[in-house]
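# A structural walkthrough
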Amino acid sequence: MIRSRAVPLSELSRRWLLGFRAQMILLVGSLLVLMLGIQGAYLSQRYATLMEDQIGQRALNVARTLAANRLLIDAFGQPDPAAIIQPIAERVRVQTGANFVVVGNRDSIRYSHPLPDRLGQRMVGEDNDPALLRGEEYVSRATGSLGPSIRGKVPVWDEAGEIVGVVSVGFLASEIQDRIAGDLRSNLLLMLGTAGVGLLGAVAIANRFKRAILGLEPQEIARRLKEKEAILQSIHEGIVAVNAQGRITLANAGARRFLPGGDAEDPVGRDILETLPHSRLHEVLQTGEAQYDRETWVGEQLVVVNRVPIIVNGQVEGAVATFRSRMEILELSRSLAEVRQLADGLREQAHEFSNKLHTLAGLLQLGQVQEAIQMIGEETQLEQARLTLLQSRVRDPALCGLLAGKLMRAAARGVIIEVDEGSALQTELSAQGREALLSIVGNLIDNACEAPRPSERAPVVRLSFTDVGEDIVIEVDDNGCGVQAQQVAQVFERGTSTKGSGRGIGLALVRQLCREYGGDVTLEPGQTVGACFVAVVSKQRVALAGGGT
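Bear in mind the structure is a predicted one, so any value in this text is a computation, not a measurement.

## Side note on the overall build of the protein
Along its length, the protein carries 16 helices and 14 strands. Each of the 549 residues in the protein was classed as buried or not, and the buried ones make up 38%. As presented, the protein carries roughly 31400 Å² of accessible surface, and 56% of it is formed by carbon and sulfur atoms.

## Quick notes on the sheet that holds strand β13 (residues 520-525)
Ordered in space as β10-β11-β12-β14-β13, the five strands form an open sheet in which the pairing is mixed. Each end of this open sheet is capped by a strand with a single partner; those strands are β10 (416-419) and β13. Each neighbouring strand pair of the sheet contributes to a mean axis angle of 20 degrees, computed without reference to strand direction. The pairing of β13 with strand β14 (residues 531-538) spans six bridges and is classified as antiparallel. Paired with E524 across the strands is C532, a residue of β14. Packed on one face of the sheet, helix α13 (residues 397-412) meets β10 and β11 (460-466) and runs near 145 degrees to β10. Relative to strand β12 (residues 471-478), helix α14 (residues 431-449) is tilted by about 15 degrees, and along the sheet it contacts β10, β11, β12 and β14.

## Details of the nonpolar core
Judged by nonpolar contacts, the single largest core of 43 residues is most densely connected at I440, L444, L463 and I474. Looking at which element gives the most residues to this core, the answer is α14, with nine residues. Not counting residues within four places of it along the chain, the set of residues in contact with L444 comprises I474, V476, L507, V510, F533 and A535. Listed in part, the 31 residues of the second largest apolar core include I73, Y111, V154 and I176.

## So, the pairing of β10
Only one face of β10 is buried, namely the one carrying I417 and V419, since none of I416 and E418 on the opposite face is buried. Of the strand pairs in this sheet, β10 and β11 are connected by four bridges, and their pairing is parallel. Residue I416 lies in a different strand from β11, and its bridge partner there is V460.

## Re unusual backbone geometry
Phi is positive for S108, close to 65 degrees, though the residue is something other than glycine. Along the chain, S108 falls in the loop between β1 (100-105) and α5 (129-134). Not every positive phi belongs to a glycine, and N313 is a case in point at roughly 55 degrees. In this structure, N313 sits in the loop between β8 (301-312) and β9 (315-325).

## Quick word on the pattern of salt bridges
The full count for this structure, using the stated rule, is 14 salt bridges. In this structure, R93 engages E90 in a salt bridge whose closest nitrogen and oxygen atoms are separated by 2.9 Å. Note that R93 and E90 are positioned in helix α4 (residues 81-96) at a spacing of three residues, about one turn of the helix. A residue is classified by how much of its surface remains accessible, and E90, at 18% relative accessible area, is buried. We note a salt bridge from D127 to R151, for which the minimum N-O separation is 3.7 Å.

## Quick word on helix α6 (residues 173-212)
Taking 1.5 Å of rise per residue, the 40 residues of α6 would be expected to cover 58 Å, and the 56 Å separating its terminal C-alpha atoms lies within 8% of that figure. Taken as a whole, α6 has its buried residues at I176, I180, A195, G198, A202, A206 and K210. Looking one or two places after α6, you find L214, whose phi comes out positive at around 60 degrees.

## What to know about the side chain of S423
By the secondary structure assignment, S423 is in the loop between β10 and α14. Looking at S423, the relative accessible area reads 2%, which means it is buried. From its side chain, S423 meets the backbone nitrogen of F465 in a polar contact 3.2 Å long. If we ignore the near neighbours within four places in the chain, the residues touching S423 are R393, L463, S464 and F465.

## Let's talk about a nonpolar patch on the surface
Taken together, the side chains of L27, V28, L31 and M35 make up a nonpolar region of the molecular surface, amounting to roughly 380 Å² of accessible area. Position of V28 among the secondary structure elements: in helix α2 (residues 20-67). By relative accessible area, which is 31% here, V28 ends up partly exposed.

## Some thoughts on the confidence of the model for the protein
Residues of the protein with pLDDT of at least 70 account for 82%, and the chain-wide mean is 79. Across residues 1-7, confidence stays below pLDDT 50; counting only partners more than four residues off in sequence or on other chains, it has three contacts. Predicted confidence for residues 11-17 stays below pLDDT 50, and this span has six contacts to residues more than four positions away or in other chains.

## A few points about the sheet that holds strand β3 (residues 147-157)
Neighbouring strands of a sheet are bound in pairs by backbone hydrogen bonds; such pairs are parallel or else antiparallel. If you trace the four strands from one edge of the open sheet to the other, you get β1-β4-β3-β2, paired in antiparallel fashion. Across the chains shown, the open sheet's two edge strands, defined by having one partner strand only, are β1 and β2 (138-144). On average, each strand axis in the sheet is inclined to that of its neighbour by 30 degrees, with strand direction left out of account. Packed on one face of the sheet, α6 meets β3 and β4 (163-172) and runs near 40 degrees to β4.

## Concerning the side chain of R307
With respect to the helices and strands, the residue R307 is situated in strand β8. Side-chain polar atoms of R307 contact the side chain of Q291, separated by 2.5 Å. Not counting the four nearest positions on each side in its chain, R307 is found in contact with H278, S279, R280, L281, V284, A290, Q291, R294, T296, V320 and A321.

## Focus on the packing of aromatic side chains
Throughout the structure, instances matching the rule amount to one aromatic pair. On the numbers, 5.5 Å between centres and 55 degrees between planes, the contact of F76 with Y111 is tilted. Note that F76 is positioned in the loop between α3 (70-75) and α4 and Y111 in the loop between β1 and α5, a separation of 35 residues in sequence. When its relative accessible area of 15% is taken as the criterion, F76 is described as buried. By relative accessible area, Y111 is classed as buried at 15%.

## Focus: the packing of α13 against α14
Pairs of packed helices are described in terms of their axes, by the angle between the two and the distance that separates them. Relative orientation of the contacting elements α13 and α14 amounts to 15 degrees, with a least axis distance of 10 Å. Compared by their axis directions, α13 and α14 come out roughly parallel. Handedness of the α13/α14 crossing: right-handed. Packed against α13, whose contacting residues are A398, L399, L402, L403, K406, R409 and A410, the element α14 presents R434, L437, L438, V441, G442, I445, D446 and C449 at the interface. Among the residues making up the contact of α13 with α14, the classes are represented as ten nonpolar, one polar and four charged.

Criteria and cut-off values
Residues numbered from 1 in each chain as written. Predicted model: local features only at pLDDT ≥ 70, side-chain atom pairs only at ≥ 80, totals over all residues. Heavy atoms only, no water. Helix = DSSP H or I, 4+ residues; strand = E, 2+ residues; numbered from the N terminus. Buried < 20%, exposed > 50% of the residue type's maximum accessible area, 1.4 Å probe, protein only. Areas by Shrake-Rupley, 256 points an atom, 1.4 Å probe, with all protein chains shown as cover. Pairing = 2+ DSSP bridges. Axes fitted to C-alpha atoms, helices over the stretch in contact; angles between N-to-C directions. Contact = heavy atoms within 4.5 Å. Core = buried A, V, L, I, M, F, W, Y, C linked by side-chain atoms within 4.5 Å. Salt bridge = Lys/Arg side-chain N within 4 Å of Asp/Glu carboxyl O. Expected span 1.5 Å × (residues − 1). Polar contact = N/O pair within 3.5 Å; in protein donor to acceptor, adjacent residues only side chain to side chain. Patch = residues over 30% accessible without salt bridge, like charges linked within 9 Å, V, L, I, M, F, W, Y side chains within 5 Å. pLDDT = per-residue confidence, 0-100. Phe/Tyr/Trp six-rings, centres within 6.5 Å; stacked < 30°, edge-to-face > 60°. Parallel < 35°, antiparallel > 145°, perpendicular 65-115°, else oblique. Left-handed = near helix turned anticlockwise from the far one by under 90°. Nonpolar A, V, L, I, M, F, W, Y, C, P; charged D, E, K, R; others polar.

Written as structure tokens, this is what we have:
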């Protein structure tokens, strides 16, 4: 019984806090709060400046209007100007909402003030000179009897064009700041609401993104991507993927063996029609239909291909093709067929030895001991002589075993294989060279044993091999019907055979292997009748590094 391990709450909390979702929320939220904070601070400062400028301009406009009042100008010539000016100034102050409207003469003596007990006193702030001396209109920031304020200062001109006084309309800085703070509180609440909505949006985006990546963390995605890449590169089959535009997005090591240029060139990003003109992946992109177990040529190699479209939301977004060499599949099938035939041959030999054992048992029961011993000696000497001959001439044990098996199987089928007395193969083979020679020798012997023959002719195959010189030469001669003149040019092509349909692979594979290892295979007339195949490979290409004869 498998039990799941409970994850402690503290560990779950730690995972969430350190997880990608939390990091994304924290990052987006921090950026949002920082941007809103900077923008809010700038807008608040800008708003305060604009508000102060607006209030200063308002105070200046009120002062201009009041300074142009004819009653106020005429009051400067009366015995008691304050009696006329104070009511006018207070009425304007109340109507405009100013904190104070102060009118003074050229000596800055007040004729109006919100506090009547301050009438007749000198104006405070020491900022009247530009208006009284130079006739300027301006906004000043100074501290008066009521406190810091923003004031609009305008000179009062009489009919003769002389400056007779000054009008000062002001708004207290404390009230302005309170007003600005009230407005900013509303803005602050709006910013906090915006930040809250932004944080909720960040949570929603993080959750949506987390679902889009299947709940994985970035390091998990990176690890799985590396695992996928390793798996794809380790697959023996070739895999090629293209996007909807027909450009290659993936090609593993197995596929690059079939591509022009091999591993030296990276095909990613190239058009599939330029790289593999016969891949037919563009058909899958157009039709959206899968194709299975289709044979096609890639360069000089026949491959079996499966093509599958990549469909996302009902649209074809790409296609994937997997392919494997047809020769490898057929070689594997041939090897399996050889194993099956070898098993059949062993069964036949079992029956044959069973008959011989029964014969020996009968001789012993009849008391013919000497005849039984002689029969055993003949059988032992025949098999031992055959094995000793091969072991003395062939250094590689695998190749020696193949030849012994072929001789045994041929004998069980009634085919005589004669090994030339001068044959010898003492080269120490590499693993790749051994596999190549096993395939070459095996196919040539099988081809000779299966060659069509007249019924009255006993099947005989002559085998000769040598590694004298720089090449390994293998010659296999049969006494079959030979190859017709019109078939000589095609005998090494795939699918060409005199034994019926579904054949014609062995000789094509032999030629391919011989050429890969620096040689070739040729067809020559047999010594008497039939055909003689001569395979040549470079000894240097198949020999073990540092090995020799």
